[in-house]
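So you can see what is in the structure, the chains are spelled out below.
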Amino acid sequence: MARKTDIPPSYYGEPRKFDPGFRGPIHNRGCTDVVCCVVFVIFILGYIALGTVAWIHGDPRKVVYPTDSHGQFCGQQGTPNANKAILFYFNILQCANPAVLINLQCPTTQLCVSKCPDRFATYLDMQYNYRYNKSYWEYYRQFCKPGFDNPRKSVAQVLRDEDCPSMIVPSRPFLQRCFPDFITRNGTLTVANKTVFKDGLGKTRSVIDLRDAANRVTAMQQGVESGITSLLDAKEVGMKIFEDYANSWYWILIGLVITMVVSLAFILLLRFTAGVLLWLIIFGVIAVVGYGIWHCYWEFSTLRGKPHGDGDVTISDIGFQTDFRVYLQLSQTWLIFMICLSVIEAVIIIILIFLRRRVRIAIALLKEGSRAIGYIMSTLFYPIITFVLLAICIAYWAVTAVFLASSGDAVYKVMSTPDKCVYANLTCDPETFSQTNVTKVCPGSQCTFAFYGGESLYHRYIFVLQLCNLLVFLWLVNFTIALGQCTLAGAFASYYWALRKPQDIPSCPLFSSFSRAVRYHTGSLAFGSLILAVVQMFRIVLEYLDHKLKGAHNAFARFLICCLKCCFWCLEHFIKFMNRNAYIMIAIYGKNFCTSAKDAFFLLMRNVVRVAVLDKVTDFLLFLGKVLISGSVGVLAFFFFTRKIPVIQEEVPSLNYYWVPLLTVIFGSYLIAHGFFNVYAMCVDTLFLCFCEDLERNDGSPLKPFYMSPQLHRILRREQGSKLYAAS
């Protein structure tokens, strides 16, 4: 009767034939997926050409600097506007016309100034006061056209020739443009403590009119019609957040360094005390979550017990608040926290109860992984290479996108104060505008800058080029990640298939694996990356369509988009899983992508129970490790930034929002721990596939010895023994 360790029959696919001389990753291999490699190189060259063309036609100054009515940049060095970095609207009230959002043009003269006005004034007031004090004109002329020096000119002529604004209002710069300085006092919107003002033509206007006009300009610049008041509030919050970062960056950096040291020490300790540490992780996470439940209950009970406190106030009663500490004074907040933590605690305990036997096997697999990393320490620093390559890809994509977005020539349109002018909003040439009859038909009209664009073939297809830029960017990012996975897999496979460890481990396994991946398998990695990039591109398009349909009333269309988003999300994660295992097979056997993906799929299907339990339990334990490290550092940061550590209370910086550095430390800690544990996860996945291959290739006899460690072999025998006992 065949032993349990014999090669099992192939339930999925044809029976495989094994090379009896196999001793780990094959060195004598050939190039795979050459056609895809050639296509990949051509796309890279095309991407470089796209960036070059965008660099030639684009001008980032169009994004950085605002543009006045004559098409000149505000604040650009080496120009007359070098010291005038802010755009000023002569009559912002004219921007309240809804046509502003259609024509992307505010029908008023726009001028570059060095500072925004800080008081209410009109041209008529200036003329009246000029007779007694010349300083009134000196201040007002800052907001007139350069070269205009005739304060006695009638207001009708000034407005006709657009020499000076008819009025100025207290403003402050926002998005490098002068917007009225809105302040809400006792629920009333004011500007310089006024709710009404004179518009320069003798009419009394409301501050609400200014707000509506500012909303139109903001919508024109940002593409959304959001309120200027909320935007200014957001700017104020942003400034406070920036101040918090400026005051606490040193301590944030210290927290991230502590995370890096703890993560590295944790992985090294796993080599010797994997079992103890992992059980400590499990019970540590349970204890931390349990303490959180108790603390939330204590806070909830305390707030509920206050006779005249905030126990009965709900989150919906107070609405959105920028100071999150307000929510911590509500009992409902702590009740929500307690329920969430209780659910998390219950899920963790249930998983551990049902998978307690498999946890021991996963611990052995992690021990083996820690030994592999201990022998190949250079793998822990490979994520730095991946990070540098990803940074280059992101930077190139961002720069190319900016240059593409800023491609185009200045487009000028006829701006006319009378709304019924037949030439209004038509394109014009500022150099020949004075020679046309437009000024005769529409007195006071001007040829002013509107936006950047063009009618050439290049300008018509800028949107398509942006999509190409995004697709190639996704391709390069996925290729970079695939290269890292294949490189690490080859290094760890060299460890597993060494019969005598560490004597038979080849020298420089990481560098050798990287060289094989780049030299022989660039096409295969590009093939798998392209499939994933296309799926991600579809997901982005679906997200864009979903965003556009949010305000629509077509329920069926929204339901269809939601279903497609769900399907493509599942497809993306399945492809990521298959690609990861395909790259491991490529690193070991050197076959093309499709063959490697097929072999990996059938191998996993033949070991579906182990895949579903061992591999996922290992992922779960590694996730708990990330949570424990980031959570521990987060708790330490919380006590530090809230001044609850008496020894170093004086060192805590003054903060507007303590949650700004706290969330930064927690998020950064998780990313750092994720980077270290990703190497560990790749090691475990590689060893797991090698483990399954080892079981199919060998039977433990002297002629076909197992390459797995004695510890894994003993656990395997226990598992087989328990199965035989259960079968009997």
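Residues numbered from 1 in each chain as written. Predicted model: local features only at pLDDT ≥ 70, side-chain atom pairs only at ≥ 80, totals over all residues. Heavy atoms only, no water.

- With an unreviewed UniProt entry as reference, the protein is termed Choline transporter-like protein, source organism Oncorhynchus kisutch.
- Of the protein, the UniProt comment under Subcellular location (unreviewed entry) reads exactly: "Cell membrane". (UniProt positions renumbered as here; feature names shortened; annotations may be inferred.)

**Concerning the overall build of the protein**
1) Next: Check the secondary structure of the protein and you find 22 helices and 13 strands.
2) Next: Long-range pairs, those at least 24 residues apart, make up 72% of the contacts in the protein between residues at least 6 apart in sequence.
3) Next: When the accessible surface of the protein is split by element, carbon and sulfur atoms take 64% of a total near 38,200 Å². (Helix = DSSP H or I, 4+ residues; strand = E, 2+ residues; numbered from the N terminus. Contact = heavy atoms within 4.5 Å. Areas by Shrake-Rupley, 256 points an atom, 1.4 Å probe, with all protein chains shown as cover.)

**Overview of the confidence of the model for the protein**
1) Next: For the protein, per-residue confidence averages 78 on the pLDDT scale, and 82% of positions sit at 70 or higher.
2) Next: Across residues 1-15, confidence stays below pLDDT 50; counting only partners more than four residues off in sequence or on other chains, it has 22 contacts.
3) Next: Predicted confidence is poor over residues 99-104, with pLDDT under 50, and the contacts of this stretch with residues over four places away or in other chains come to 17 contacts. (pLDDT = per-residue confidence, 0-100.)

**Focus: the packing of helix 12 (residues 382-405) against helix 15 (residues 462-496)**
1) Next: Axis separation between helix 12 and helix 15 bottoms out at 10 Å; the angle between their running directions is 175°. Judged on the interaxial angle alone, helix 15 and helix 12 are roughly antiparallel.
2) Next: Across the contact of helix 12 with helix 15, the residue classes tally to 17 nonpolar, 7 polar and no charged. (Axes fitted to C-alpha atoms, helices over the stretch in contact; angles between N-to-C directions. Parallel < 35°, antiparallel > 145°, perpendicular 65-115°, else oblique. Nonpolar A, V, L, I, M, F, W, Y, C, P; charged D, E, K, R; others polar.)

**Some details on the pattern of salt bridges**
1) Next: Inspection of the entire model under this criterion finds 12 salt bridges.
2) Next: With a closest N to O distance of 2.4 Å, E572 and R539 form a salt bridge. Note that E572 is positioned in helix 18 (residues 555-589) and R539 in helix 17 (residues 522-548), a separation of 33 residues in sequence.
3) Next: Classification of E572 as buried rests on a relative accessible area of 5%.
4) Next: With a shortest N-O distance of 2.6 Å, R580 and D685 are connected by a salt bridge. Placement of R580 in helix 18 and of D685 in helix 21 (residues 659-697) is noted, with a sequence separation of 105 residues between them. This pair shows no difference in class: R580 is buried, exactly as D685 is.
5) Next: Each of E138, R141 and D149 takes part in a single network of salt bridges with overlapping partners. (Salt bridge = Lys/Arg side-chain N within 4 Å of Asp/Glu carboxyl O. Buried < 20%, exposed > 50% of the residue type's maximum accessible area, 1.4 Å probe, protein only.)

**A look at the nonpolar core**
1) Next: The biggest cluster of nonpolar side chains holds 104 residues, and the ones touching the most others in it are Y496, L525, L621 and Y680.
2) Next: Those residues in contact with Y680, other than ones at most four positions away along the chain, are I267, L270, L366, K367, G369, S370, I373 and L622.
3) Next: Ranked by size, the runner-up nonpolar core spans 20 residues in total, among them C116, Y140, F148 and C178. (Core = buried A, V, L, I, M, F, W, Y, C linked by side-chain atoms within 4.5 Å.)

**Structural notes on the environment of I588**
1) Next: Along the polypeptide, I588 turns up in helix 18.
2) Next: I588 sits 94 residues away from S494 along the chain, and the two C-alpha atoms are 8.4 Å apart.

**Considerations on the packing of helix 15 against helix 16 (residues 509-520)**
What describes two packed helices is the angle between their axes and the distance between those same axes.
1) Next: Between helix 15 and helix 16, whose axes approach to 8 Å, the crossing angle comes to 130°. Here helix 16 runs oblique to helix 15, going by the angle between their axes. In the packing of helix 15 onto helix 16, the handedness of the crossing is right-handed. Where helix 15 abuts helix 16, its residues L483, C486, T487, L488, G490, A491 and S494 lie against P509, L510, S513, F514, R516, A517 and V518.
2) Next: Across the contact of helix 15 with helix 16, the residue classes break down as 9 nonpolar, 4 polar and 1 charged. (Left-handed = near helix turned anticlockwise from the far one by under 90°.)

**A word on empty space enclosed by the protein**
1) Next: Scanning the model with the defined rule gives 3 cavities of 30 Å³ or more in all.
2) Next: If you add up the space inside the largest cavity, you get close to 90 Å³.
3) Next: Taken together, F88, Y89, F90, N91, I92, M167, I168, V169, S171, C178 and P180 make up the full set of residues lining the largest cavity.
4) Next: Elements with a contribution of two residues or more to the lining of the largest cavity: strand 1 (86-89), strand 4 (167-168) and strand 6 (177-180).
5) Next: Per-class residue counts for the lining of the largest cavity are 9 nonpolar, 2 polar and no charged. (1 Å grid on protein atoms, 1.4 Å probe; cavity = no way out; pocket = protein on both sides within 12 Å on 5 of 7 lines; lining within 4 Å. Points joined across faces, edges and corners; volume = space filled by probe spheres on them.)

**Details of the pairing of strand 5 (residues 171-174)**
1) Next: Where strand 5 meets strand 6, 4 bridges bridge the pair, whose relative direction is antiparallel. The residue of strand 6 that forms the bridge with F174 is R177.
2) Next: The hairpin formed by strand 5 and strand 6 contains 2 residues between the paired strands, and L175 there has a positive phi angle of roughly 55°. (Pairing = 2+ DSSP bridges.)

**Observations regarding the state of the cysteines**
1) Next: For the structure on display, the rule yields 4 disulfides.
2) Next: What pairs with C74 in a disulfide is C112, and their sulfur atoms sit 1.9 Å apart. Torsion about the S-S bond of the C74 and C112 cystine: about -75°, corresponding to left-handed handedness. Taken together, the residues C74 in the loop between helix 2 (61-64) and strand 1 and C112 in strand 2 (residues 110-113) connect sequence positions 38 residues apart.
3) Next: Across the disulfide, C144 is cross-linked to C164 (sulfur-sulfur distance 1.9 Å). Between C144 and C164 the disulfide shows an S-S torsion of about 115°. By sign, it is right-handed. In this pair, C144 is assigned in the loop between helix 5 (135-140) and helix 6 (155-161) and C164 in the loop between helix 6 and strand 4, connecting sequence segments 20 residues apart.
4) Next: There is no disulfide at C340, and the cysteine sulfur nearest it, in C296, is 9.1 Å away.
5) Next: Owing to a relative accessible area of 43%, C340 belongs among the partly exposed residues under this scheme. (Disulfide = S-S within 2.5 Å.)

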